[in-house]
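Survey of secondary and tertiary structure
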Amino acid sequence: MKPFTYERAKTPAEAAAAVARQPGAKFLAGGTNLLDLMKLEIETPRHLVDVQDLKLDRIEPTSDGGLRIGALVTNTKLAADTRVRRDYGVLTRAIVAGASGQLRNKATTAGNLLQRTRCPYFYDPNMPCNKRKPGSGCAAIGGYSRQLAVIGSSDHCIATYPGDMAVAMRVLDATVETVKADGTTRAIPIADFHRLPGDTPHLDNNLEAGELITAVTLPRPIGGTHHYEKVRDRASYAFALVSVAAIIQKDGSGRVAFGGVAHKPWRVEAADDVMTQGAAAVTAKAFADARPTDDNAFKIPLATRALAATIAEGRSA
Amino acid sequence: MMSEIEISRRGVLAGSAAAAAIAAAPHVEAQPAKALPPATMPVSLTINGKRRDLTLDTRTTLLDTLREHLQLTGTKKGCDHGQCGACTVIVNGERINSCLSLAVQHQGDEVTTIEGLGTPDKLHPMQAAFVRHDGYQCGYCTPGQICSAIAVLDEIKRGDPSHVQADLTQRPQLTSLEMRERMSGNICRCGAYSNIAEAMADVAGVDVKEMEA
């Protein structure tokens, strides 16, 4: 690990200013992903601004009947919240499908959104990777790509966003609230938060330098049955090959987002529109522009089957 | 203070291809030309009921603090990347991977390690149950398994939901399935899982035979 200096900020604006002020500074929340990457020297911050004292650890109702989730609410606390379990079950389901109990106790809402890819070539500093080292190439293309993206990828990167929580937030139309170093705030729809790789795969999301996530808000509940179907190589504690976050209404209409398939949680409006026509119709729309590799082409029929299982579960609920 | 663009230029002069690409993409932090010297900080935390005041390199993980600075070697280093659970300790009542946490993040925290749970003369009930049910072979993962197992029973008692729960609005039940799912962050190379589950069931007061039926 490279040496770094460390401070604790007292307010969100102070934290944002501290990171913007120092070249190579980063925010530190739970640290479960950042420290892992620092040990491998994939992340080499010169200064860490610990945000644990910012009092962003509450879940509160919003004026329009939704919920505001503080950036530092842990995965464990968010999944266990009675309001989330009752009204946003897809979110609890997604969180408890990810990581381990130990990690969920430290991992935060904001940190989870910023989780970096688990592409094996990103993790191996001996391999070229445009995400880790811009311009160095992509060893995943033509390499071992079973886990990697089937859609939205580019000639520069086929990494996936690895998390589960954000896939549920995408289906819930959540909004990410931030504060910048100059103290101004903004609200970013989750659909616009993560980026596709394009020719800038080193950028995972649309945050500016020093911009700090303060909360994630959920709109008022939309009812329906909530599902998170995660398909992976072992029954627990593994990243998704494919995951399906869905909210299904009594008449069979609904919404669906897919995890494990792209550089961001994958949701296509035209696919939501055909939910009543069944899983194959939905994935035909959602994966119309897919560019899978020989290794991961299986993910598309797998997504159809996972969604079919989800729809069947919704019918019997 | 140097502007971001000036820092980027310095990176380009350092001559790496990565730095050249960074200069074209202003979003990326410039790679520093020189590493900083190690920084140290005072850290005070309570470990197994005893206050400890240390001065540590900021890079020191909680795990290395325990093992290398306090000679509390009961907590084990397995993968050092949060994948195996051998380093599990209980901090402010919650189990965490001590390898993925910096000591400086734990200013004022209360840490319980395997050494704080029981002694050879007076075992913690979970330690005694692991012995009784043969919940280990080589023993390397055992301190982490025991810390995790104790915390898991608390999490079920508190009503935290899990991946195997059918109805999220109900309280989780003390079943073998629940315990196994919640223990998935602790890997045992020797494969003592079924005996670990039996030890946990014993401590939880659940009939093991009934659970297996």
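For the structure itself, consult the block above.
Let me sum up the structure you'll find in this document. Treat the numbers as computed from the prediction; the structure is a model and nothing was measured.

Calculation criteria
- Residues numbered from 1 in each chain as written.
- Chains lettered and ligands numbered in written order.
- Predicted model: local features only at pLDDT ≥ 70, side-chain atom pairs only at ≥ 80, totals over all residues.
- Heavy atoms only, no water.
- Helix = DSSP H or I, 4+ residues; strand = E, 2+ residues; numbered from the N terminus.
- Polar contact = N/O pair within 3.5 Å; in protein donor to acceptor, adjacent residues only side chain to side chain.
- Contact = heavy atoms within 4.5 Å.
- Pairing = 2+ DSSP bridges.
- Axes fitted to C-alpha atoms, helices over the stretch in contact; angles between N-to-C directions.
- Phe/Tyr/Trp six-rings, centres within 6.5 Å; stacked < 30°, edge-to-face > 60°.
- Buried < 20%, exposed > 50% of the residue type's maximum accessible area, 1.4 Å probe, protein only.

1. So, the side chain of His 226 of chain A
Residue and element names in this part refer to chain A.
- Mapped onto the fold, His 226 is located in strand 9 (residues 225–231).
- At 3.2 Å, the side chain of His 226 forms a polar contact with the backbone nitrogen of Gly 89.
- A distance of 3.2 Å separates a polar atom in the side chain of His 226 from the backbone oxygen of Gly 223.
- What His 226 contacts, discounting residues up to four positions off in sequence, is Asp 87, Tyr 88, Gly 89, Val 90, Leu 172, Ala 246 and Ile 247.

2. Notes on the sheet that holds strand 9 of chain A
Residues and elements named next belong to chain A.
- Pairing in this open sheet of three strands is antiparallel, and the strands run 9-10-11 from one edge to the other. The strands lining the two open edges of the sheet, one partner per strand, are strand 9 and strand 11 (254–259). Here the average twist between neighbouring strands, direction ignored, is 10°.
- Two elements, strand 9 and strand 10 (residues 242–248), share seven bridges in a ladder whose sense is antiparallel. Looking across to strand 10, one finds that Thr 225 is bridged to Ile 248.
- The strands that helix 5 (residues 89–96) touches are strand 9 and strand 10; relative to strand 9, the one it contacts most, it runs at about 20°.

3. Examining the packing of aromatic side chains
All names here are of chain A.
- Here the structure, examined in full by the defined rule, presents two aromatic pairs over all chains.
- Taking the centre distance of 6.0 Å and the plane angle of 75° together, the rings of Phe 122 and Tyr 123 count as edge-to-face.
- Its relative accessible area of 1% is what places Phe 122 among the buried residues.
- Look at Tyr 123 and you get buried, because its relative accessible area is 18%.

4. Some words on the side chain of Arg 267 of chain A
Residues and elements named next belong to chain A.
- Within the secondary structure layout, Arg 267 lies in the loop between strand 11 and helix 10 (269–272).
- Overall, Arg 267 belongs to the buried group, its relative accessible area being 16%.
- A polar atom in the side chain of Arg 267 sits 3.0 Å from the backbone oxygen of Arg 170.
- Not counting residues within four places of it along the chain, the set of residues in contact with Arg 267 comprises Arg 170, Val 171, Asp 173, Arg 255, Val 256, Ala 257 and Asp 272.

5. A few points about unusual backbone geometry
Residues and elements named next belong to chain A.
- One non-glycine residue, Glu 41, adopts positive backbone phi at about 60°.
- Structurally, the position occupied by Glu 41 is in the loop between helix 2 (34–39) and strand 3 (47–50).
- Look at Tyr 237: it is not a glycine, yet its phi comes out positive at around 60°.
- Tracing the backbone through its elements, the reader meets Tyr 237 in the loop between strand 9 and strand 10.
- Given the relative accessible area of 9%, Tyr 237 is considered buried.

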